[in-house]
Amino acid sequence: MRLKSDPQRALSFRESELEITREYYKRYDRIHEILQELPELTSLVHHDFEKHYGKCKKGRGSKCPSEQVLRIFVVMQREAWTLRETVVRIDDSAALREFVGIGGCGRMIDFTTLDKLFKAVEPETWEAINAGLAGWAVDSGAIAGS
């Protein structure tokens, strides 16, 4: 598993005449910005992957950077989809492929590999991710500390 982060990467969604689609893109664009501001969240997930699978092994799963996997998990949570549904929906959506970072030509992770990676993220890591997001939200004024 590689840790990949490109702080300069900007999303490029297609133009849409529908306001609801533009709002959908804006939400994912904002999530993208937050994840770029908090690279430590990707590092937390990456640490768990290395803990369970060691340094970058050969094989299909190791070709997918930790940042992409975290973004897949974000989509799954955001959309309230099952893991299997998340794989299909991202694979079939140009916008979600863009958000995740696999683009039009990249290969989506198969369900079995993603399931193993999801199980590798420890409960304490999810708690740390939630705490990091909550801290960011308070610091940025998005929510009140109380």
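Residues numbered from 1 in each chain as written. Predicted model: local features only at pLDDT ≥ 70, side-chain atom pairs only at ≥ 80, totals over all residues. Heavy atoms only, no water.

A.B. asks: Hey, could you run me through the overall build of the chain in this one?
C.D. replies: Tallying secondary structure elements over the chain gives 7 helices and 0 strands in all. Going from N to C terminus, the chain has its helices and strands arranged as α-α-α-α-α-α-α. Counting only residues that meet the buried cut, the chain has 40% of its 146 residues in that class. By element, 53% of the accessible surface of the chain is carried by carbon and sulfur atoms, the whole surface being about 8700 Å². (Helix = DSSP H or I, 4+ residues; strand = E, 2+ residues; numbered from the N terminus. Buried < 20%, exposed > 50% of the residue type's maximum accessible area, 1.4 Å probe, protein only. Areas by Shrake-Rupley, 256 points an atom, 1.4 Å probe, with all protein chains shown as cover.)

A.B. asks: Before we go on, may I ask you to explain helix α6 (residues 111-120) in this structure?
C.D. replies: In an α-helix, one turn spans 3.6 residues, which is why side chains three or four residues apart end up on the same side. Of the residues making up α6, those classed as buried are Thr113, Leu114, Asp115, Leu117 and Ala120. Looking at the buried residues of α6, the elements they touch are α2 (39-53), α3 (66-79) and α4 (83-92). The N-capping residue of α6, defined by a side-chain oxygen 3.1 Å from the backbone nitrogen of Thr112, is Asp110. (Contact = heavy atoms within 4.5 Å. Polar contact = N/O pair within 3.5 Å; in protein donor to acceptor, adjacent residues only side chain to side chain.)

A.B. asks: Would you mind going over the packing of α4 against α6 with me for this structure?
C.D. replies: Between two packed helices, what matters for the description is the angle formed by their axes and the separation of those axes. At a minimum axis distance of 10 Å, the contact between α4 and α6 shows a crossing angle of 125°. Relative to α6, α4 is oriented oblique. In this structure, α4 meets α6 at a crossing whose hand is right-handed. Of the residues in α6, those in contact with Leu83, Arg84 and Val87 of α4 are Phe111, Leu114, Asp115 and Phe118. (Axes fitted to C-alpha atoms, helices over the stretch in contact; angles between N-to-C directions. Parallel < 35°, antiparallel > 145°, perpendicular 65-115°, else oblique. Left-handed = near helix turned anticlockwise from the far one by under 90°.)

A.B. asks: What should I look at first to understand unusual backbone geometry in this one?
C.D. replies: Most of the time, phi is negative for any residue but glycine, and the peptide bond is trans. Here Ala80, not a glycine, exhibits a phi torsion of approximately 55°, which is positive. Relative to the assigned elements, Ala80 resides in the loop between α3 and α4.

A.B. asks: What is the right way to look at the nonpolar core in this model?
C.D. replies: Soluble globular proteins: nonpolar side chains tend toward being buried together. Residues Phe49, Phe73, Val75, Ile90, Phe99 and Leu114 are the most contacted members of the largest nonpolar core, which totals 35 residues. Only α1 (19-37), α2, α3, α4, α5 (94-100), α6 and α7 (123-140) provide two or more residues apiece to this core. The greatest single-element share of this core, amounting to 6 residues, is contributed by α3. (Core = buried A, V, L, I, M, F, W, Y, C linked by side-chain atoms within 4.5 Å.)

A.B. asks: For this particular structure, what's the right way to read the packing of aromatic side chains?
C.D. replies: Two numbers describe a pair of aromatic rings. These are the distance of the centres and the angle of the planes. Applying the stated criterion to the full structure yields 5 aromatic pairs. Joined through ring pairs, the aromatic side chains of Tyr24, Tyr28 and Phe99 make up one cluster. A cation over an aromatic ring shows up here: Arg71 above the ring of Phe99, its NZ or CZ 4.9 Å from the ring centre. Over the aromatic face of Phe111 sits the side chain of Arg84, whose NZ or CZ is 3.9 Å from the ring centroid. (Phe/Tyr/Trp six-rings, centres within 6.5 Å; stacked < 30°, edge-to-face > 60°. Lys NZ or Arg CZ within 6 Å of the ring centre and 35° of its normal.)

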